[in-house]
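Letter by letter, the chains look like this.
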Amino acid sequence: MPKVSVIIPAYNSMAYLPATLDSVLGQTFTDFEVLVIDDGSSDNTAAWVSQIQDRRVQSIAQANQGTCAARNTGIALAHGEYIAFLDADDLWHPTKLAKQVRYLDEHPEVGLVYTWTALIDPEGKPTGRIFANRAQGDVWQQLVQHNITESGSSFTIRRCCFETVGVFDTTLSHVGDWDMCLRIAARYHFGAIEEPLVYYRQYSNSMSKNWQRVEKCFYTVLDKAFQSKLPELQDLKDRCYGLVNLTLAWKCLQTQTKDYKQAIQFRTTAIAYSPQLRYSKEYIRLSVAIAIVRWCGADGYNRILAIFHALRRRISNLRDRLSVPLSTG
C-alpha cells in the first residue's frame, strides 16, 4: 500500500496538467499513488493520462460533478495512510510531500499539515507574493476568520480524518476546501511547514463573476461552522461575515472587468457586520485598490499592478540572493 494518495481533480485542464503531474512525479518522496479524477473533461485528459508509463498514476473518469465530488471519488479509491490534494493547474516543490509526511509521522496528534503558498501568474512566473501563515495546534478560531491553508493544494490529511468528519460537501461549488478544513480543525490539531512549497496559479476566473453563487457558498460555510457554537462567539461570527465580504470585494477586482462598484457594495456590507474592520490593514488596502480602479480604469489598474508585481519580484529575488550564505572556499 502506498504511504500517500495524491488526488488531482481535472476538468479540461490539459493546458496545465502535464506540468502539474511532473511536479508530483518529481517529488523526493516516492511512496505514493496518483489518482487523476477526470471530471467529465472534453479535452482528451483520460487518454493522455492513460499513456503515462509510471504505474503509480491512475486515471478515473466520471461525469462532470464538480471539484468536491471529484475529490470524494479519489478519497473512496485511495489506499494511502495520508491523502494530499492538488489542483490541476497548481505545482508542488520537490520536497513538499517528504516534509509533510515526516511531520505527520512525528506528530500523531496532528490531523492536517499545510505549507506556505507562493503565487504564480498564468505563465507560471512568480508574482513575488507568498501566503505565509504560522497558525498551528488548535486553529479553529483563526481558520474561521481566514483560510490559513490558502489553497486546496497545500495540505496533506490523515485518512482517518475523513472517517471522523465526512467527505467534501458537494453542494459547494466554491470554498469546499475551507469547509473541510474547518470540520477537521474542530476535531484535530493542525501543523504548518513554514516554507512556500506550493505554487498557486492566479488568473481572472469567469466563475467568480457569479457573485450570488460565490457569496452563497461563503455564507453556507460560515453558517455550518457556527451552527453549534456558543452565543459568546457572536462577535467573532460578525467579524467573520465582515471578512468574507472583504474577500468578495477583492474577487471583484481580480476579474477582467474590475467591477469596483460591486466591490464597494461588498466593502459596505463588511463594515455593517463589523465596524472595527474599517481600521484593518485589509480594508485600507482594498480601499486604495478600489480608488485606483475608479480613477484609472481597469487598464490603468492592470498597469499599476504589473509594475507592483515586477517590483515585488525584484525584492523577492534580492532577498533570496542575500539569504544564500557566501562561499568561504
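Looking at an unreviewed UniProt entry, one finds the protein named Glycosyltransferase and attributed to Scytonema millei VB511283.

Student: Honestly, the side chain of threonine 117 in this entry has me stumped. Any pointers?
Tutor: Topologically, threonine 117 is positioned in strand 6 (residues 110-120). If we skip the residues at most four places from it in the chain, threonine 117 touches Arg129, Ile130, Phe131, Thr149, Glu150, Ser151, Ser154, Pro196, Val198 and Tyr200.

Student: Just checking my understanding: could you explain the pattern of salt bridges for this structure?
Tutor: For side chains bearing opposite charge, pairing can occur when the charged atoms are close. Summed over all chains, the structure comprises 10 salt bridges. A salt bridge links lysine 3 to glutamate 81; its shortest N-O distance comes to 2.9 Å. With lysine 3 in the segment before strand 1 (4-10) and glutamate 81 in the loop between helix 3 (67-77) and strand 4 (82-85), this residue pair connects regions lying 78 residues apart in the sequence. On the basis of relative accessibility, which here comes to 40%, the residue glutamate 81 falls in the partly exposed class. Of the charged contacts, one joins lysine 3 and aspartate 105 as a salt bridge, the two residues approaching to 3.2 Å between their closest N and O atoms. Taken together, the residues span a long stretch of sequence, with lysine 3 in the segment before strand 1 and aspartate 105 in helix 4 (residues 96-106) at a distance of 102 residues.

Student: Looking at this model, I keep getting lost on unusual backbone geometry. Mind explaining?
Tutor: Note: most peptide bonds trans; most residues except glycine with negative phi. Positive phi outside glycine occurs at asparagine 12, with the angle close to 50 degrees. Note that asparagine 12 resides in the loop between strand 1 and helix 1 (17-25). One non-glycine residue, glutamate 150, lies in positive phi territory at about 70 degrees. Mapped onto the elements, glutamate 150 comes out in the loop between helix 5 (140-145) and strand 8 (155-158).

Student: Would you take a moment to explain the pairing of strand 2 (residues 32-39) for this structure?
Tutor: The two faces of the sheet receive side chains in turn, since in a regular strand these alternate between them. Among the eight residues in strand 2, eight count as buried, and that is most of the element. The alternating pattern of strand 2 places Phe32, Val34, Val36 and Asp38 on one face and Glu33, Leu35, Ile37 and Asp39 on the opposite face, and all of these are buried. Bridge analysis of strand 1 against strand 2 gives seven bridges, and the strand direction is parallel. By the bridge assignment for strand 2, alanine 10 is matched with aspartate 38. In this fold, strand 1 hands off to helix 1, which returns the chain to strand 2; that crossover is right-handed. Here strand 2 pairs with strand 3 (residues 57-62) via six bridges, running parallel.

The rules behind the values
Residue positions are counted from 1 within each chain, in the order its sequence is given. Residues qualify for local features only when their pLDDT is at least 70, as the model is predicted, and side-chain atom pairs are given and counted only at 80 or more; totals for whole chains, interfaces and linings, by contrast, use all residues. The basis for every side-chain value is the complete set of heavy atoms in the structure, and neither hydrogens nor water enter the calculation. A run of H or I in DSSP becomes a helix once it reaches four residues, and a run of E becomes a strand once it reaches two; helices and strands are each numbered from the N terminus. Note on contacts: a residue pair qualifies if any of its non-hydrogen atoms lie within 4.5 Å across the two residues. Note on definitions: salt bridges are taken to be side-chain nitrogens of Lys or Arg within 4 Å of carboxyl oxygens of Asp or Glu. Classification of residues uses two cut-offs on accessible area relative to the type maximum, computed with a 1.4 Å probe and protein chains only: under 20% is buried, over 50% is exposed, and between them is partly exposed. At least two bridges found by DSSP between two strands are what make those strands a pair. For a crossover, the right-handed case is the one in which the path from the first strand over the helix to the second runs clockwise, viewed with the strands pointing away from the viewer.

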